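Chain and residue survey
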Amino acid sequence: MDSGIFNNLLSLINNFPIWLIWFIVAIIFFIVEAATVSLCTIWFGFGALLALLASLLGWGMGTQIIIFFLVSSVSLAFFLLFFRPKIKGARRQPDRTNADRIIDEIGVVVKEINPMLGAGQILVQKQYWTASTADQSSVPVGAKVKVLRIEGVKAIVETLPEAAAE
């Protein structure tokens, strides 16, 4: 590499305003945060903004770096200790899938449910489902059942009394 080019590059870097570097770093962290929305890089964005302020106040580069790491670490720790537990506690129920729509629905046994053989099939909402009973009892073909839950790809059912089935 030509030493003239190297010296020009070094001169450009030395004359580049540090506050502008901190500004670019902060913007990059905030863009990454906006793209991921996972609260991972926002803390470093805060640190870069305060380091930018320190640069504008004329504080030394070492102080700016310390401020960057200190503010980033403290804001991350503050979030993890105080806000994250509250966010986790306020999470909503998991989204239901299409399969969940058959829960509490009435179906008809089309293939005898026999827990000993691991066999059984029901028809519910125009769909065929492999089925088993919650109490491990056998259910004959034609019996009405109520779907209690889904376990994997199997509907767990209970037999309905004949009066309730009609």
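What you are looking at is a predicted structure, and each value in this text was computed from that prediction instead of being measured. (Residues numbered from 1 in each chain as written. Predicted model: local features only at pLDDT ≥ 70, side-chain atom pairs only at ≥ 80, totals over all residues. Heavy atoms only, no water.)

**Regarding the overall build of the protein**
When helices and strands are counted, the protein shows five helices and five strands. Seen in sequence order, the protein has helices and strands lined up from the N terminus as α-α-α-α-β-β-β-β-β-α. Looking at the protein as a whole, 25% of its 166 residues qualify as buried. For the protein, contacts bridging at least 24 residues in sequence account for 44% of all contacts bridging at least 6. Accessible area of the protein: about 11400 Å², with a carbon and sulfur share of 65%. (Helix = DSSP H or I, 4+ residues; strand = E, 2+ residues; numbered from the N terminus. Buried < 20%, exposed > 50% of the residue type's maximum accessible area, 1.4 Å probe, protein only. Contact = heavy atoms within 4.5 Å. Areas by Shrake-Rupley, 256 points an atom, 1.4 Å probe, with all protein chains shown as cover.)

**A word on the packing of helix H2 (residues 18-36) against helix H3 (residues 42-56)**
Interhelical geometry of H2 versus H3 gives an angle of 165° and a closest axis separation of 8 Å. Comparing their axes, H3 and H2 come out roughly antiparallel. As for how H2 packs across H3, the hand of that crossing is left-handed. Here Ile18, Trp19, Trp22, Phe23, Val25, Ala26, Phe29, Phe30 and Glu33 of H2 come into contact with H3, specifically with Ile42, Phe44, Gly45, Phe46, Ala48, Leu49, Ala51, Leu52, Ser55 and Leu56. For the contact of H2 with H3, the residue count by class is 16 nonpolar, two polar and one charged. (Axes fitted to C-alpha atoms, helices over the stretch in contact; angles between N-to-C directions. Parallel < 35°, antiparallel > 145°, perpendicular 65-115°, else oblique. Left-handed = near helix turned anticlockwise from the far one by under 90°. Nonpolar A, V, L, I, M, F, W, Y, C, P; charged D, E, K, R; others polar.)

**Here's the deal with the packing of aromatic side chains**
All told, the structure shown has nine aromatic pairs when counted by the stated rule. Measuring from ring centre to ring centre gives 5.3 Å for Trp22 and Phe68, while their planes differ by 35°; the resulting arrangement is tilted. Remark: Phe68 occurs in helix H4 (residues 61-89) and Trp22 occurs in helix H2; sequence separation between them is 46 residues. Overall, the relative accessible area of 8% leaves Trp22 in the buried class. (Phe/Tyr/Trp six-rings, centres within 6.5 Å; stacked < 30°, edge-to-face > 60°.)

**So, the pattern of salt bridges**
Charged atoms that come close allow side chains of opposite charge to pair. For the structure shown, the criterion picks out one salt bridge. With a closest N to O distance of 2.8 Å, Arg149 and Glu151 form a salt bridge. Overall, Arg149 belongs to the partly exposed group, its relative accessible area being 36%. Since its relative accessible area comes to 44%, Glu151 is described here as partly exposed. (Salt bridge = Lys/Arg side-chain N within 4 Å of Asp/Glu carboxyl O.)

**Points about the sheet that holds strand E1 (residues 106-114)**
Within a sheet, neighbouring strands are paired by backbone hydrogen bonds and run either parallel or antiparallel to one another. Pairing is mixed around the closed barrel formed by five strands, whose spatial order is E1-E2-E3-E5-E4. Averaged over all neighbouring strand pairs, the angle between strand axes comes to 50°, with direction disregarded. Pairing between E1 and strand E2 (residues 119-124): four bridges, direction antiparallel. For Asn114, the partnering residue across the bridge sits in E2 and is Ala119. (Pairing = 2+ DSSP bridges.)

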